[in-house]
Amino acid sequence: MSELKLLFDTNAFYACEDVHVGRQHANADLATALKELALRHGCGLYLHPATEVDIRRTQNESLKRATLLKFRQWRQLAPIRHRSGLIERAGYREPLSSNDQVDLAMLGALDNQAVDLLITEDRRLREHAEQAGLGEQTLSLLAALDYLKQQFGQPALLPTVQGRSSYALSVEDPIFATLRDDYPEFNEWWSRVAKEHRDCLTIEGVAGNLEALAVLKMEVSGELGLGRDVLKLCTFKVAVDAEGARRGELILRAVLQYGREKKASSIYVTVFEHHVGLLRLFADFGFITTNQRTDRGELILVKRCRADLSAINVSPLEYNRLYGPGAVLVDRAFVVPIQPRWHDILYPEARLQGRLFGDEPSGNAMLKAYLCHASTRQMHPGDLLIFYRSSDIRAATAVGVVEDTHVSRDPVDIRRFVSTRTVYTDHEVAGLCEAGEVLAVRFRQDRILARPWLLPELVREGVLKAVPQSIQRIHNERGVQWLRKQLGDPR
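Residues numbered from 1 in each chain as written. Predicted model: local features only at pLDDT ≥ 70, side-chain atom pairs only at ≥ 80, totals over all residues. Heavy atoms only, no water.

Caption draft 1: Just the overall build of the chain, in detail. In terms of helices and strands, the chain carries 19 helices and 18 strands. A globule of 491 residues ought to have a C-alpha radius of gyration of about 23 Å, and the chain, at 24 Å, matches this closely. Positive and negative charge centroids in the chain, built from 64 and 64 side chains respectively, lie 3 Å apart. (Helix = DSSP H or I, 4+ residues; strand = E, 2+ residues; numbered from the N terminus. Rg over C-alpha atoms; globule rule 2.2 N^0.38 Å. Lys, Arg positive; Asp, Glu negative; His and termini not counted. Charge placed at Lys NZ, Arg CZ, Asp CG, Glu CD.)

Now the structure itself:
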């Protein structure tokens, strides 16, 4: 496996070198841990020539000279001409500001595959990366540290989602600071929320501060014309230093699970238009922007949890995005045998001794990747995946929906395709590629089966003929019809 190449933008470089006037940089500890881990495992750490442009804008001459000396101690990319169309893809408007020119240069290096990852604490840059299709390779310091620990098999305290009551949370937690910027009356509102003992979902960081928070409220009086039994997502917040680390996806997954348990017909949330990354996250998981706004001017987004008959006109992948997880259209289905070791990593919540919310960041996420040596090249977006745990319980345990696939025996190519969805270390990916062509499948997790389907049942119902040795498509129409009935296909 060739070295993993990391490009640090200016703010991440400043954090690594503790460049700050009069005090320690706020992200110095996190950046140092990332740099230390990366160097220990032979990663290439790079700066872009555009960072020198940024440094030279510094007004403090002594600080500028010291920082330029540190800049020269890093590996530097050659100037890169970005590909045509990147400005439009990334959502920039011309003429570009000086800051946008620097950011575009960073994205150009990533887009040209000069580096594998772009590390930045700049929320706006990450949003432009998302628009350009480079979001999974553009990481915050925390996300990059999580990813490298996964890649190199390092032990880590990984995030879990916990249910809490609102009164048990401290209003002084740093996560609430930016909420006060949007809502001046926040303290008074939170006092009322605490008294009502509203349900909350949280992710806590190592220091005990909240990395993500969702505040929930069931409404039964038909707000917004959505009918009864509507879940209001009153607050959905990821801490600034945890953005880009998939904490939003992790806690949104828990919100959707909460909605299913409460049998909510719809979920809605209000979001200010300037929260571009948040809007994109909600859109990725089926929230539709309505033509209504709140009195404050917030957009109102709604996710329908129950599909009507008109919904079956969309593709299986789009159906799952709009109404899932927990909603599928079964057209083509594949059984995917998976060894217990990989099953436990990919689906920690389905472990025999597991908890509701597992302890692997990729395992907890809704967007996942699976690697194998299967010879099939028949998978299409929207195809159903039935994961069959082999060796011990010999049963189907989980369901996913294919987004896309890629075949290669180049480990760097595979690494870039699966990006932060991977649960495989660099060493494991390299080993798979040495043994032959690797089929990489990116998919959306739909559900963990409440009752595993044991092998005799799968054979009896026509899903399988015998123990599956490799990925196989279900051709038996009786088996497909049984799956539709079991998984609630409305057709």
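Caption draft 2: Representation of the pattern of salt bridges in the model. Across all of its chains, the model carries 36 salt bridges by this definition. For Glu-204, the salt bridge identified is with Arg-164, shortest N-O distance 2.6 Å. Taken as a pair, Glu-204 in strand β7 (residues 199-204) and Arg-164 in strand β6 (residues 161-165) lie far apart in primary sequence, 40 residues in all. Looking at Glu-204, the relative accessible area reads 34%, which means it is partly exposed. The partner of Asp-446 in a salt bridge is Arg-447, and the shortest N-O contact between them spans 2.5 Å. Comparing Asp-446 with Arg-447 shows no difference in burial state: the two are buried. Through salt bridges that share partners, Asp-331, Glu-477, Arg-484, Asp-489 and Arg-491 make up one connected network. (Salt bridge = Lys/Arg side-chain N within 4 Å of Asp/Glu carboxyl O. Buried < 20%, exposed > 50% of the residue type's maximum accessible area, 1.4 Å probe, protein only.)

Caption draft 3: Local environment of the packing of helix α7 (residues 123-131) against helix α12 (residues 276-284). For the pair α7 and α12, the least separation of the axes is 9 Å and the interaxial angle reads 35 degrees. Seen from α7, the contacting residues are Glu-127, Glu-130 and Gln-131; seen from α12, they are Val-276, Gly-277 and Arg-280. Partitioned by chemical class, the residues of the contact of α7 with α12 number 1 nonpolar, 2 polar and 3 charged. (Axes fitted to C-alpha atoms, helices over the stretch in contact; angles between N-to-C directions. Contact = heavy atoms within 4.5 Å. Nonpolar A, V, L, I, M, F, W, Y, C, P; charged D, E, K, R; others polar.)

Caption draft 4: Region of the structure containing the pairing of strand β17 (residues 438-454). With respect to burial, β17 is a largely interior element, 12 of its 17 residues being buried. Of the strand pairs in this sheet, strand β14 (residues 367-372) and β17 are connected by 6 bridges, and their pairing is antiparallel. Bridged to Tyr-370 within β17 is Val-441. (Pairing = 2+ DSSP bridges.)

Caption draft 5: Inspection of the nonpolar core at higher detail. Residues Trp-190, Leu-252 and Phe-282 are the most contacted members of the largest nonpolar core, which totals 49 residues. Mapped onto this core, the elements with two or more residues apiece are α10 (186-195), β7, β8 (210-219), β9 (230-238), α11 (247-261), β10 (266-271), α12 and β12 (299-304). In terms of residues, this core owes the most to one element, α11, which gives 7 residues. With residues up to four places along the chain from it excluded, the contact list for Trp-190 reads Ser-166, Leu-169, Val-171, Phe-176, Cys-200 and Val-215. By size, the runner-up hydrophobic cluster in this structure holds 32 residues, among which are Phe-334, Ile-345, Val-423 and Cys-433. (Core = buried A, V, L, I, M, F, W, Y, C linked by side-chain atoms within 4.5 Å.)

Caption draft 6: Inspection of the packing of helix α2 (residues 28-40) against helix α8 (residues 141-151) at higher detail. In the contact formed by α2 and α8, the axes pass within 9 Å of each other and the chain directions differ by 30 degrees. As the angle between them shows, α2 and α8 are arranged roughly parallel. α8 is crossed by α2, and the crossing has left-handed handedness. Mapping the contact onto sequence places Leu-30, Ala-31, Ala-33, Leu-34, Leu-37 and Ala-38 in α2 and Leu-141, Leu-142, Ala-144, Leu-145, Leu-148 and Lys-149 in α8. Residue composition of the contact of α2 with α8, grouped by class: 11 nonpolar, no polar and 1 charged. (Parallel < 35°, antiparallel > 145°, perpendicular 65-115°, else oblique. Left-handed = near helix turned anticlockwise from the far one by under 90°.)

Caption draft 7: Expanded view of the state of the cysteines. Enumeration over the complete set of coordinates arrives at 0 disulfides. The cysteine Cys-16 is free of any disulfide, with Cys-43 supplying the nearest cysteine sulfur at 12 Å. Since its relative accessible area comes to 10%, Cys-16 is described here as buried. (Disulfide = S-S within 2.5 Å.)

Caption draft 8: Geometry of helix α6 (residues 98-111). When the terminal C-alpha atoms of α6 are compared, their 20 Å separation across 14 residues agrees well with the 20 Å that a helix rising 1.5 Å per residue should span. Burial within α6 is extensive, with 11 of its 14 residues counted as buried. Of all the residues in α6, the buried ones are Asp-100, Val-102, Asp-103, Leu-104, Ala-105, Met-106, Leu-107, Gly-108, Ala-109, Leu-110 and Asp-111. Phi turns positive one or two residues past the end of α6, at Gln-113, with a value near 60 degrees. (Expected span 1.5 Å × (residues − 1).)

Caption draft 9: View of the sheet that holds strand β3 (residues 75-76). With parallel pairing, the 5 strands of this open sheet are ordered in space as β3-β2-β1-β4-β5. Of all strands in the sheet, those with a lone pairing partner are β3 and β5 (138-139), marking the two edges. In this sheet, β3 lies alongside strand β2 (residues 44-47) in parallel orientation, the contact comprising 2 bridges. Counted as the bridge partner of Tyr-46 is Arg-75 from β3. Its contacts with the sheet place α2 against β1 (5-8), β2 and β4 (117-119), and it is angled at close to 125 degrees to β2.

Caption draft 10: Representation of the sheet that holds β12 within the structure. Strand order across the open sheet formed by 7 strands is β6-β7-β8-β9-β10-β12-β11, with mixed pairing between neighbours. Only two strands of the sheet have a single neighbouring strand rather than two, namely β6 and β11 (288-293). Neighbour-to-neighbour, the strand axes of the sheet open up by a mean angle of 30 degrees, direction not taken into account. With 8 bridges connecting them, β8 and β9 associate as antiparallel partners.

Caption draft 11: Representation of the environment of Leu-256. Looking at the secondary structure, you find Leu-256 in helix α11. It is 8.3 Å that separates the C-alpha atoms of Leu-256 and Ile-267, two residues lying 11 residues apart in sequence. Residues within four places of Leu-256 in sequence aside, it is in contact with Ile-267, Phe-287, Lys-303, Gly-324, Pro-325 and Met-366.

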